[in-house]
Amino acid sequence: QLPTVIITGASSGVGLWSAKALANRGWFIVMACRNVDKTHKAAESVGIAKDRYEVIQVDLGSLVSVREFVAKFRATGRSLEAIVVNAAIYTPLLKEPQRSPEGFELTMTTNHLSHFLLVNLLLEDMKKSTYGDRRVVILGTVTHNPDELGGKIPPQPDLGNLEGFEKGFKPPISMANGKKFEPVRAYKESKVCNILTMRELHRRFHESTGITFTSLYPGCVADTPLFRNHYPLFQKLFPLFQKNITKGYVTQELSGERVAAVVADPEYRQSGAYWSWGNRQKKDGKSFVQTVSPQARDDARAEKMWDLSAKLVRLV
Ligand code: NDP
């Protein structure tokens, strides 16, 4: 049997091209997506062979749906060798928070809480696999890190002491730190939580399970649908700015190759690492292990974030 990878949000952008690149490397892809028809069409559009993938429906905006997804995956009888945590929403123009059925703010739910639950549940499946090189890869972003050029544009993420999580994260609370709703900050803070989750997974489970846990910044993939909720003018100018001014731009295809390499290639088997190719793309640029932001490398915060997230998603 081919090794199996679950990729969330594989219906477009980075996730779709990661699916394509991993299929090319001989993997079977479980595309975990909310729109099944759209995902089949997307898989076909990039030429993933029909016998190399399966679509299993999940709405990451709902924790019930995540648990249903895990049951549906288990019913396939497949073993599980890798997970790519990729799906995300970015809604910079929202004035009021949207909510999951549980009442949690939707960006944090989709990008972090759902994935936190998903990976924790599927860890059991990965432990059962006899494959020698199992990995969990979580997408990061440069905008999580104010120490980097790409992360200097305000508002900057601030998880505070996770007071919002502590108080139950339901209305009127919409931010992890319990302060006023800011959609861009919600996105950046969900990505800080993604990196904290990766580091905590590494600390808790790498030694006992042998699973490799990593994150990466694939480069600025400025023309994916991630920016669909931004002003139309931004959507036009952002790719040009990244291509010509910052030189941070990478194609969707290259971003998919990078994710696939971190999932499958021997040189990326370093648990706890955050991989980057830099902010400015150079020809034949090499990847390196990058230091994450001060908030994302704070061990005490990682532990607190883990415990509070586990309560919110009812793992404990
Ligand atoms: P896209 O918008 O192209 O892809 C996001 C994916 O997430 C889509 O497949 C989308 O599904 C899915 N998704 C969104 N909400 C849900 C939900 N409720 N349930 C299930 N699936 C959902 O974005 P990108 O490819 O650009 O982003 C992918 C990842 O890469 C993100 O984690 C992002 O943070 C990261 N990243 C992106 C960068 C960039 O420049 N684009 C840079 C650095 C990191 P649907 O098709 O149904 O909408």
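Located above this text is the structure these notes cover.
I will try to describe carefully the structure that is included in this document. Values in this document were obtained by computation on a predicted structure and should not be read as measured data.

With that settled, consider the packing of aromatic side chains. According to the stated counting rule, one finds 12 aromatic pairs in the structure shown. Aromatic pair tyrosine 90 and phenylalanine 227: ring centres 6.1 Å apart, planes at 80 degrees, arrangement edge-to-face. Here the residue tyrosine 90 occupies a position in the loop between strand 4 (82-85) and helix 4 (106-128), and phenylalanine 227 occupies one in the loop between strand 6 (212-217) and helix 7 (232-246), the gap between them amounting to 137 residues. Through a chain of ring-to-ring contacts, three or more aromatic side chains come together here, namely Tyr90, Tyr187, Phe227, Phe234 and Phe238. For the cation-ring pair, arginine 78 lies above phenylalanine 28, with the distance from its terminal atom to the ring centre recorded as 3.5 Å. Lying over the aromatic face of tyrosine 249, lysine 243 brings its terminal NZ or CZ to 4.5 Å of the ring centre.

To continue, consider the site of the ligand. Among the 32 residues in the neighbourhood of the ligand, the closest are listed as Ser11, Ser12, Lys38, Tyr187 and Thr224. The contact in question runs from an oxygen atom of the ligand to an N or O atom on the side chain of serine 11, over 2.6 Å. Alanine 88 is positioned such that a nitrogen or oxygen atom in its backbone is 3.4 Å from an oxygen atom of the ligand. Alone, the ligand offers 900 Å² of accessible surface; in the complex the protein occludes 97% of this. Elements with a contribution of two residues or more to the shell around the ligand: helix 1 (13-24) and helix 6 (183-209). The residue inventory of the shell around the ligand, partitioned by class, reads 16 nonpolar, 11 polar and 5 charged.

This part takes up helix 2 (residues 36-45). Within helix 2, burial applies to Thr39, Ala42 and Ala43. Around the axis of helix 2, the buried residues are gathered within 100 degrees of arc, so they sit on the same side. Residues of helix 2 that are exposed and point more than 90 degrees away from the buried face comprise Asp37, Lys41, Glu44 and Ser45. Two or three places before aspartate 37, at the start of helix 2, stands the capping residue asparagine 35, its side-chain oxygen 3.3 Å from that residue's backbone nitrogen. The positive-phi residue at the C-terminal boundary of helix 2 is glycine 47, with phi of around 80 degrees.

Okay, the environment of alanine 88 next. Tracing the sequence through the fold places alanine 88 in the loop between strand 4 and helix 4. Placed 51 residues apart in sequence, alanine 88 and leucine 139 show a C-alpha to C-alpha distance of 9.3 Å. When sequence neighbours within four positions are dropped, the list of residues in contact with alanine 88 reads Asn111, Tyr187 and Leu226.

The subject of this paragraph is a nonpolar patch on the surface. Taken together, the side chains of Leu233, Leu237 and Leu240 present a nonpolar region at the surface, about 300 Å² in accessible area. When you line up the elements, leucine 237 lands in helix 7.

About the criteria used
Residues numbered from 1 in each chain as written. Predicted model: local features only at pLDDT ≥ 70, side-chain atom pairs only at ≥ 80, totals over all residues. Heavy atoms only, no water. Phe/Tyr/Trp six-rings, centres within 6.5 Å; stacked < 30°, edge-to-face > 60°. Helix = DSSP H or I, 4+ residues; strand = E, 2+ residues; numbered from the N terminus. Lys NZ or Arg CZ within 6 Å of the ring centre and 35° of its normal. Near = heavy atom within 4 Å. Polar contact = N/O pair within 3.5 Å; in protein donor to acceptor, adjacent residues only side chain to side chain. Areas by Shrake-Rupley, 256 points an atom, 1.4 Å probe, with all protein chains shown as cover. Nonpolar A, V, L, I, M, F, W, Y, C, P; charged D, E, K, R; others polar. Buried < 20%, exposed > 50% of the residue type's maximum accessible area, 1.4 Å probe, protein only. Arc of directions from axis to C-beta. Contact = heavy atoms within 4.5 Å. Patch = residues over 30% accessible without salt bridge, like charges linked within 9 Å, V, L, I, M, F, W, Y side chains within 5 Å. Salt bridge = Lys/Arg side-chain N within 4 Å of Asp/Glu carboxyl O.

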